[in-house]
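Structural overview for review
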Amino acid sequence: MVSNPVHGLPFLPGTSFKDLTKTAFHRSQTLGYRNGYAVVRRPTVGIGGDRLQVNQLSQADLDELASKIPILTYGQARQAPPAAFVPAHVAFDKKVFLESQGIELNPPEKMALDPYTELRKQPLRKYVTPTDFDQLKQFLTFDKQVLRFYAIWDDTDSMFGECRTYIIHYYLMDDTVEIREVHERNDGRDPFPLLMNRQRMPKVLVENAKNFPRCVLEISDKEVLEWYTAKDFIVGKPLTILGRTFFIYDCDPFTRQYYQEKFGISDLPRIDMSKKEPPPMKQELPPYNGFGLIEDSAQNCFALIPKAPPKDVIKMLMNENKVLRFLATLESPFPEDKGRRFVLSYFLATDMISIFEPPVRNSGIIGGKYLGRTKVVKPGSSVENPVYYGPSDFFIGAVIEVFGHRFVILDTDDYVLKYMESNAAQYSPEALLSIQNHIRKQEAPAPELDGQQAEEDPGVRDLEALIDTIQKQLKDRPCRDNIREAFQIYDKEASGYVDRETFFKICGSYQLPVDDSLIKELIRMCSHGEDKIDYYNFVRAFSN
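Residues numbered from 1 in each chain as written. Predicted model: local features only at pLDDT ≥ 70, side-chain atom pairs only at ≥ 80, totals over all residues. Heavy atoms only, no water.

Looking at an unreviewed UniProt entry, one finds the chain named EF-hand domain-containing protein 1 and attributed to Bos indicus x Bos taurus. UniProt lists a comment for the chain under the heading Subunit (unreviewed entry), and it reads "Microtubule inner protein component of sperm flagellar doublet microtubules. Interacts with the C-terminus of CACNA1E. Interacts with alpha-tubulin." (UniProt positions renumbered as here; feature names shortened; annotations may be inferred.)

So, in structure tokens, the structure goes:
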């Protein structure tokens, strides 16, 4: 509330009135900026724009007041700082104030003795240096002078022991010894720098200290009769330290010079400790267990991840799909095995052998695969150097022993005869003679068979006659020797048989007259079972 200036009433309760027509109550702005600085100025109007009730002095009044009251011009005068506070212990330091206060004291008395303080009092120590040895002189003379020796510790006599190298430092300043380990890259050991920390090493102990445990013995001059010194470290001599025998084999040039000046020892040659590498051990293969090929089993000993043994690729490419087939019988003491016939197939590309037994009706023996493709070792060959059967070992009359079973070769096909004639240098005279005898038997007229013998093999006689008839009928047509190779491609097991579907498919590709009555009869006679056909005898009718 503001007093009414018109009436001039004092600003007291009951004498002031509100202006009901006033609607503005804002205060005037007193803050401003000049040249970027905040400036405070005095308000010129009151709240709501009312006039301020202040005494407006003229300039003359202000000058008069300034001349009469210095405070208005110079401001409030500064007061003198109070006196500094001085504590009592400073004010009365080094001052005795009792007589001046009228206090009289007794004469001084002796101080009472403390038993503990008297007990701890000891006479002053006297340090007397012996006249024969001066440790200070040794320290000053040999400071930073170290003898370096190169030694080995041979622990090969113990289990998992080895020969390790060390560096022995002998400090001349205090006769201490330090043993450092020599680490090599990838030696498999933790990188500990020291085997033994720097210390004095006793050489001879007293009798009582020999049986005392070393782990708890605090060695002093009383327990040691003699310490290790520089003259105990000689190149070429062993040295036992902490139960380990070290052999010193070399030292540095400074050590050689010191020994020459101190002890007169000039001959300290380096000893060669390099071991000669033993001759390489011959790798011995474990004994053959009889499973698989020896070459395949040996690959497990050559590498962690075995690889297949190397193959003669050129030989495989040149002899691909070339198979030598032989008719053989089993040499057995059992009578039921005398009539059994087998087809031995030798694969020229891999030198492997497979044996197939053609099924025979009412024989009581199930035919089929007798031996899968594998290499067969000759009897009498060693396990370390096995000798396998080769193409020169197969001829008419030869005996082939396969895993304890003996097979006698009775006959062969025309392809084998041609192969043996073209590669006569690979065969022995006995094998070539068997070919000549076989050819002579084929060219000779068939002897007349008696009635009993004709009754025994009527099927064989009819088959041979039918093949001879077909050959005469087709003699004007070109020879088709590659028919056999076509059948061999589909006969993976070299059994001499293919299924009927494959058989007629190959015959159709070569345009063979399968609808001919003679050919149909030949197919019937070569059939074995419901789905197998013997192409071995079938192709004989189409080769000259």
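Here the narrative resumes.
Description of the packing of aromatic side chains
Under the counting rule described, the total for this entry stands at 19 aromatic pairs. Relative to Phe233, the ring of Tyr170 has its centre 5.4 Å away and its plane inclined at 50°; by these criteria the two rings are tilted. Remark: Phe233 occurs in the loop between strand S8 (224–227) and strand S9 (238–241) and Tyr170 occurs in strand S4 (residues 163–171); sequence separation between them is 63 residues. Ring geometry for Phe503 versus Phe504: centroids 5.4 Å apart, planes at 85°, classification edge-to-face. Connected via pairs of aromatic rings, a cluster forms that spans Phe149, Tyr170, Tyr228, Phe233, Tyr258, Tyr259 and Phe263. Here Arg200 stacks its cationic end above the ring of Trp227, 4.2 Å away from the centre of that ring. The residue whose ring lies beneath Arg373 is Phe347, and the NZ or CZ to ring-centre distance is 3.8 Å. (Phe/Tyr/Trp six-rings, centres within 6.5 Å; stacked < 30°, edge-to-face > 60°. Helix = DSSP H or I, 4+ residues; strand = E, 2+ residues; numbered from the N terminus. Lys NZ or Arg CZ within 6 Å of the ring centre and 35° of its normal.)

Quick word on the pairing of S4
Summarising burial for S4: 7 of the 9 residues are buried, a large majority. Inspection of the sheet shows strand S3 (residues 146–154) paired to S4 by 9 bridges, in the antiparallel sense. Its bridge partner lying in S4, Ile152 is registered against Thr165. Of the pairings in the sheet, the one linking S4 to strand S5 (residues 176–181) comprises 6 bridges and is antiparallel in character. Note that in S5 the partner of His169 across the bridge is Glu178. Where S4 hands over to S5, the hairpin turn is made up of 4 residues, of which Asp175 adopts a positive phi near 60°. (Buried < 20%, exposed > 50% of the residue type's maximum accessible area, 1.4 Å probe, protein only. Pairing = 2+ DSSP bridges.)

Notes on helix H10 (residues 414–422)
Buried within H10 are the following residues: Val416, Leu417, Tyr419 and Met420. Buried residues along H10 cover an arc of 165° about the axis, so they all sit on one side. (Arc of directions from axis to C-beta.)

Focus: the confidence of the model for the chain
Taken residue by residue, the chain gives an average pLDDT of 80. The fraction at 70 or more is 86%. A low-confidence stretch, residues 446–457 stays under pLDDT 50, and its non-local contacts, those more than four residues away or across chains, total 2 contacts. (pLDDT = per-residue confidence, 0-100. Contact = heavy atoms within 4.5 Å.)

Some details on the nonpolar core
Ranked by internal contacts, the top residues of the largest apolar core, which has 27 residues, are Leu324, Leu344, Ile355, Phe394 and Phe407. For this core, the elements supplying multiple residues, two or more each, are strand S11 (323–331), strand S12 (341–347), strand S13 (352–357), strand S15 (399–402), strand S16 (405–412), H10 and helix H11 (429–443). The residues touching Ile355, leaving out its near neighbours within four places in the chain, are Phe342, Val343, Leu344, Lys369, Tyr370, Leu371, Val402 and Phe407. (Core = buried A, V, L, I, M, F, W, Y, C linked by side-chain atoms within 4.5 Å.)

Quick word on the sheet that holds strand S19 (residues 532–534)
Strand order in this open sheet of 3 strands is S17-S19-S18, and the pairing throughout is antiparallel. Edge positions in the sheet fall to strand S17 (497–499) and strand S18 (527–528), since each has one partner strand and no second.

As for the packing of helix H14 (residues 483–490) against helix H15 (residues 500–509)
Two numbers describe how H14 lies on H15: the axes approach to 11 Å, and their chain directions differ by 145°. As H14 packs across H15, the resulting crossing turns out to be right-handed. Contacts between H14 and H15 pair Ala486, Phe487 and Tyr490 from the former with Thr502, Phe503, Lys505, Ile506 and Cys507 from the latter. For the contact of H14 with H15, the residue count by class is 6 nonpolar, 1 polar and 1 charged. (Axes fitted to C-alpha atoms, helices over the stretch in contact; angles between N-to-C directions. Left-handed = near helix turned anticlockwise from the far one by under 90°. Nonpolar A, V, L, I, M, F, W, Y, C, P; charged D, E, K, R; others polar.)

Observations regarding the environment of Leu136
Its location among the elements puts Leu136 in helix H5 (residues 135–141). Judged by relative accessible area, which is 54%, Leu136 ranks as exposed. Here the alpha-carbon distance between Leu136 and Asp174, two residues 38 residues apart in the chain, equals 9.8 Å.

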